[in-house]
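Single-letter residue listing:
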Amino acid sequence: MSQTPGPRPDVLTDPAVESLLQDTTPWLSCEECFERMDTYAEAAVHDPQHLDEAMTAHLRGCSACDEEAQSLIDLLRAS
Amino acid sequence: MTAVRRDSSRDAEAPPASQADSRAPVGDPEPRDWVSALGGTGPEQSTALRELHALMIRAAGHQVWRMRAALPDPSPGAVDVIVNQAADEAMTALLGKLHTFQGRSRFTTWAFKFAILQAATEVRRLQWQHREVELRDVELRPSPAHEGPELSAEGIDLAGAVARAMSRVLTPYQRRIAVALLVDGVPIDVLAERLGSSRGALYKTLHEVRTRLRAELVATGYLPVSQAGPARLPQASPISPTDHEVSPTSSAGTR
Ligand SMILES: [Zn+2]
């Protein structure tokens, strides 16, 4: 790790507070999220009532997995 | 930081990312037994590999197009290279896991996710390739310049409580990871690459951070005991933001 050229603000914005306090239970790892992502996306497309609590919690707390899951859903919808 | 490796030998198969959504409709029934075809030999395998690569190009193109604003060079030529490389690498990853496909989803859906992951990771890597990532163990303070009408003294008060909880209940490592990911906005896979770690390991750290912070804020009266779901700014703070900041229900003061 190296120093940045300029100081970063040492402030907690509301989005950061909200993300720090996100309830990410029940626990699901990024690896398990990836494993479930295909079935989750198909369920999201075909059955809007489908609920996977652990996936939902993970996607709330992991913006990278969330982007990829939403992208897969969008791709299926476009198919 | 590594230089961008590019293999443009397959560019002829790459659609412009902007057209990716409209190409190669998947169709309703699964057109083939993909696992058998890909694991077979001869012309059938060659055809399956070619069609799988087209699927990967399509999904990678879709992903890069979604994230094009993050690309340092969003020119069609550069996008083509990214899409092709992501498709190639995703295909390799998929074929290595072909035996794990259990048919719980369509094969095409299962395949798409490999390309989406690879392409998204590559775009984030490119976005940050010339940016320093710093692990900062800093004492944070509430943002003095809140934006938006919904933000209020209670929001500042909650932010102050979170900042104090970060000092009290997190380890220096947990603070550094939390600040990098959630304050400085470093993508989790970029941070993992720089640290020689993994997305999963960093997410686990983040999960522990959140568990500790939530427990501390419940203990200090800033979150209700039974609160489930995403944290929201409280309707009312237990203390005035100008008071000495110890909640009535707190068993521990601030420092
Ligand atoms: Zn994740």
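Every value quoted in this text rests on a predicted model; they were computed, and no experiment measured them.

(A) Quick peek at the pattern of salt bridges. In total, this model carries 15 salt bridges over all chains according to the counting rule given. Where Asp23(A) meets Arg214(B), a salt bridge forms, and the shortest distance between an N and an O atom there is 3.9 Å. Here Asp23(A), found in the loop between α1 (14-20) and α2 (30-46), pairs with Arg214(B), found in helix α8 (residues 199-219), and the two come from separate chains. The buried category is assigned to Asp23(A), whose relative accessible area is 10%. Glu208(B) serves as the salt-bridge partner of Lys204(B), at 3.0 Å between the closest nitrogen and oxygen. Here Lys204(B) pairs with Glu208(B), and both are found in helix α8, just 4 residues apart, close to one helical turn. Judged by relative accessible area, which is 43%, Lys204(B) ranks as partly exposed. You can call Glu208(B) partly exposed: its relative accessible area is 32%. A single salt-bridge network, built from bridges that share partners, covers Glu68(A), Arg124(B), Asp189(B) and Arg199(B).

(B) Spatial organisation of the coordination of the zinc ion. Residue and element names in this part refer to chain A. At the metal site, the zinc ion is ligated by Cys30 (SG), His58 (NE2), Cys62 (SG) and Cys65 (SG), and these contacts range over 2.1 to 2.3 Å. Classification of the site at the zinc ion as tetrahedral follows from its 4 donor atoms and the range of 105 to 117° in their angles at the metal. One chain supplies every donor to the zinc ion, and in sequence these donors are spaced C-x27-H-x3-C-x2-C. Since its relative accessible area comes to 0%, histidine 58 is described here as buried.

(C) The arrangement of the domain arrangement of chain B in detail. All names here are of chain B. Domain boundaries assigned for chain B yield domain 1 (17-127) and domain 2 (138-241). Listed by partner, the interface residues are 4 residues for domain 1 and 5 residues for domain 2. Both sides of the domain 1 and domain 2 interface together cover about 370 Å² of buried area, and 52% of this is carbon and sulfur. Summed over the shared surface of domain 1 and domain 2, the result is 1 salt bridge. Ionic pairing is found between aspartate 189 and arginine 124, a salt bridge with its closest N-O pair at 2.8 Å.

(D) Highlighting the interface of chain A and chain B. The partner chain B presents 65 residues to the 48 residues of chain A that form the contact. Where chain A abuts chain B, roughly 5,000 Å² becomes buried across the two surfaces, and 60% of that area is made up of carbon and sulfur atoms. Taken together, chain A and chain B are joined by 7 salt bridges. In this structure, Asp10(A) and Arg136(B) form a salt bridge, with 2.6 Å as the shortest nitrogen-oxygen distance. If you look at where chain A meets chain B, you find 21 residue pairs in polar contact (both at pLDDT 80 or more). Elements represented by at least two residues in the side of chain A that touches chain B include exactly β1 (11-12), α1, α2, α3 (53-61) and α4 (63-78) of chain A. Among the elements that line the side of chain A that touches chain B, the one with the most residues is α4(A), at 11 residues. A breakdown of the residues in the side of chain A that touches chain B according to their chemical character gives 21 nonpolar, 14 polar and 13 charged. Pairing analysis gives 2 bridges linking β1(A) to strand β1 (residues 141-142) of chain B, with the strands arranged parallel. Looking at the pairing, Val11(A) lines up with Arg141(B) of β1(B).

Definitions and cut-offs
Residues numbered from 1 in each chain as written. Chains lettered and ligands numbered in written order. Predicted model: local features only at pLDDT ≥ 70, side-chain atom pairs only at ≥ 80, totals over all residues. Heavy atoms only, no water. Salt bridge = Lys/Arg side-chain N within 4 Å of Asp/Glu carboxyl O. Helix = DSSP H or I, 4+ residues; strand = E, 2+ residues; numbered from the N terminus. Buried < 20%, exposed > 50% of the residue type's maximum accessible area, 1.4 Å probe, protein only. Donors = N, O, S within 2.8 Å, 3.2 Å for Na, K, Ca; no water. Tetrahedral: all angles 85-135°; square planar, octahedral: opposite > 155°, others 65-115°. Domains from an automatic or database assignment. Contact = heavy atoms within 4.5 Å. Buried area = accessible area lost by both parts, 1.4 Å probe. Polar contact = N/O pair within 3.5 Å; in protein donor to acceptor, adjacent residues only side chain to side chain. Nonpolar A, V, L, I, M, F, W, Y, C, P; charged D, E, K, R; others polar. Pairing = 2+ DSSP bridges.

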